[in-house]
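# Fold and contact review
Below, each chain spelled out in residue letters.
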Amino acid sequence: MSKYKTPGSKGSSDKSEEREGIRCVRYKCGLVSTIQDVLRQRPGWTEVREEGEWDFNWCDVGWLRENFDHSYMEEHVRINHFRNHYELTRKNLMVKNLKRYRKNLERDVGRMEASKCDFFPCTFALPSEYHLFVEEFKRSPGNTWIMKPVAKSQGKGIFLFRKLKDIMDWKKDGTRSEEQKDTQVESYVAQRYIENPYLINGRKFDLRVYVLVTSYVPLKVWLYRDGFARFSSTRFSLSSIDDKYMHLTNVAVQKTAPDYDPEKGCKWQMQQLRRYLTAKHGREMVETLFKEMDNIFVRSLLSVQKVIINDKHCFELYGYDILLDQNLKPWLIEVNASPSHTPSSQEDYEMKCRLLEDTLNVVDMEGRLTGKEKRVGGYDLMWNDGPVYKEDFNLETFGSSCFTANTHLGCVNDREKQLRWLIKPLSGQKRM
Ligand SMILES: Nc1ncnc2c1ncn2[C@@H]1O[C@H](COP(=O)(O)OP(=O)(O)OP(=O)(O)O)[C@@H](O)[C@H]1O
């Protein structure tokens, strides 16, 4: 149980399980975090331990890998990952799929259209693309690059470099023991470092945005209005590339900084960031920024739509990491399959509880929804085999989405026409 107070906690005397009409859901949960608290609070839901039968499973990706293929799932059963989620959530595979998608767009639609996929920094998978990387590296000497192990998280193993010599060291991999010398070198991506991040108070930050996919075929995507910006605790400078507290904004890294204060925090809620940017740059620019982020979410998901094994039992709550540069251009850094639900403060805990409750409401084990909803709690339906338009909402209340949930165009066949819309401002739509 979390040390934080659960919002709307009703305590053990709650008799809602006995209310008529609430279906009993047997759930299994492999994670010890906020999700446990949320599942325990859910009226009518009971935890299943060990090998018991379950209707709903919030598992970690390790459990999925070991058990998914051996599990028989009845029609109503739901699980929180797609079988090969890693096609989007592994750094090297995400880039591979995006590059292929961009290439296909260029061939089928044209260069202009393909350029709308230019939202991820130039990236190479190592060791396989080492020679291509070296060519690119030599083309722009003096640039900063970042090396990231493909299968690690929380900033582990990441370093910045400007000289090929540093990669040589990695290639030789002097850190490996004699027994490990026969095994393959660890896979990394080498990625152009965004050298001009947008700074607030001299500090770099990245954005965490939550996107829920309930189906890949047809693609159905929900965007969460709340999210946050994660700040570094040290003022940004390119003169010292070895300082991880300056360059890596993930909380897992920042919370080990000597002067980290969890309550003061290194986070801003999305609304706060949006207000700040609007005051500085005006509504139009900020709306364009959020529209470009929507473009990132939809195109990245479309890039794996044909690769992900669609399964009606599966849904996925992705944590998108987005970095802004000084021109307010959003860059896709990474997509996480298991975004951390560990809270860093009471406010953060409450936000994560709301996020998870709303996720359960969209997944709808209880069968409460009609299937026509465009908005559920903090979620807006942004894509339902095509864009979901919005016209009547007060956009001031939005954390991100530039889509509106009131007028759904339904299924549109011409996907590319839809995608062109993504980047163009909507005529006649009130901005923000
Ligand atoms: N290309 C880049 N340019 C600038 N900064 C970057 C770049 N890639 C990563 N970073 C910084 O490094 C941090 C960690 O990167 P990334 O999210 O890819 O690694 P990770 O170890 O998987 O982190 P996590 O598991 O917490 O998501 C980012 O939050 C960002 O601040």
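So, how was this worked out
- Residues numbered from 1 in each chain as written.
- Predicted model: local features only at pLDDT ≥ 70, side-chain atom pairs only at ≥ 80, totals over all residues.
- Heavy atoms only, no water.
- UniProt positions renumbered as here; feature names shortened; annotations may be inferred.
- Helix = DSSP H or I, 4+ residues; strand = E, 2+ residues; numbered from the N terminus.
- Buried < 20%, exposed > 50% of the residue type's maximum accessible area, 1.4 Å probe, protein only.
- Areas by Shrake-Rupley, 256 points an atom, 1.4 Å probe, with all protein chains shown as cover.
- Contact = heavy atoms within 4.5 Å.
- Pairing = 2+ DSSP bridges.
- Axes fitted to C-alpha atoms, helices over the stretch in contact; angles between N-to-C directions.
- Near = heavy atom within 4 Å.
- Polar contact = N/O pair within 3.5 Å; in protein donor to acceptor, adjacent residues only side chain to side chain.
- Nonpolar A, V, L, I, M, F, W, Y, C, P; charged D, E, K, R; others polar.
- Domains from an automatic or database assignment.
- Salt bridge = Lys/Arg side-chain N within 4 Å of Asp/Glu carboxyl O.
- Core = buried A, V, L, I, M, F, W, Y, C linked by side-chain atoms within 4.5 Å.

Within an unreviewed UniProt entry, the label attached to the protein reads Tubulin--tyrosine ligase-like protein 9, and the organism entered is Mastacembelus armatus. Note on the protein: under the UniProt heading Sequence similarities (unreviewed entry), the record states "Belongs to the tubulin--tyrosine ligase family."

### Brief notes about the overall build of the protein
Per the secondary structure count, the protein includes 13 helices and 17 strands. Burial status across the protein gives 55% buried among its 432 residues. By element, 49% of the accessible surface of the protein is carried by carbon and sulfur atoms, the whole surface being about 20500 Å².

### Section: the environment of Gly-378
Mapped onto the fold, Gly-378 is located in the loop between strand E14 (375-376) and strand E15 (379-384). Residue Gly-378 is classed as buried on the basis of its relative accessible area, which comes to 11%. In the structure, Gly-378 is positioned 20 residues away from Asp-358 in sequence and 6.6 Å away in space, judged by C-alpha atoms. Apart from residues lying up to four places away in sequence, Gly-378 is in contact with Leu-223, Tyr-224, Arg-225 and Asp-358.

### Notes on the sheet that holds strand E6 (residues 145-149)
Taken in spatial order, the 4 strands make up an open sheet running E5-E8-E6-E7, and their pairing is antiparallel. Pairing within the sheet leaves two strands with one partner each, and these edge strands are strand E5 (123-126) and strand E7 (159-161). The average angle at which neighbouring strand axes cross in this sheet is 25°, direction not considered. In this structure, E6 lies alongside strand E8 (residues 188-192), joined through 5 bridges in antiparallel fashion. When the sheet's bridge partners are listed, Lys-148 is paired in E8 with Val-189. Sheet strands in contact with helix H4 (residues 91-108) are E5, E6 and E8, and its direction is about 130° off that of E5. With respect to the sheet, helix H6 (residues 130-139) is in contact with E5, E6, E7 and E8, its orientation differing from that of E5 by roughly 145°.

### Let's talk about the site of the ligand
By nearness alone, 24 residues border the ligand, and Lys-91, Gln-154, Gly-155, Thr-249 and Glu-334 come closest of all. Take Gln-191: an N or O atom from its side chain is 2.9 Å from a nitrogen atom of the ligand. Asn-250 is positioned with one of its side-chain polar atoms (N or O) 2.9 Å from an oxygen atom of the ligand. Within the residue set of the shell around the ligand, elements represented by two or more residues are E6, E8, strand E12 (316-324) and strand E13 (330-336). Per element, the largest residue contribution to the shell around the ligand is 3 residues, and it comes from E13. Tallied by class, the residues present in the shell around the ligand amount to 8 nonpolar, 8 polar and 8 charged. Two domains share the shell around the ligand, each providing at least three of its residues, namely domain 1 (21-120 + 203-432) and domain 2 (122-193).

### Section: the pattern of salt bridges
Going through the model one piece at a time under the given rule, you end up with 24 salt bridges. Of the charged contacts, one joins Glu-129 and Lys-99 as a salt bridge, the two residues approaching to 3.9 Å between their closest N and O atoms. Here Glu-129 is found in the loop between E5 and H6, whereas its partner Lys-99 is found in helix H4, with 30 residues between them in sequence. When its relative accessible area of 24% is taken as the criterion, Glu-129 is described as partly exposed. For Lys-99, a relative accessible area of 27% translates into the label partly exposed.

### What to know about the nonpolar core
Judged by nonpolar contacts, the single largest core of 68 residues is most densely connected at Tyr-216, Leu-301 and Tyr-320. If you tally residues by element for this core, the top one is helix H11 (residues 283-304), at 10 residues. Discounting chain neighbours no more than four positions away, the residues touching Tyr-216 are Phe-82, Leu-88, Leu-301, Val-304, Gln-305, Ile-308, Asn-310 and Tyr-318. Core analysis: the next-biggest nonpolar cluster, separate from the first, contains 29 residues, Val-38, Phe-315, Val-363 and Leu-381 among them.

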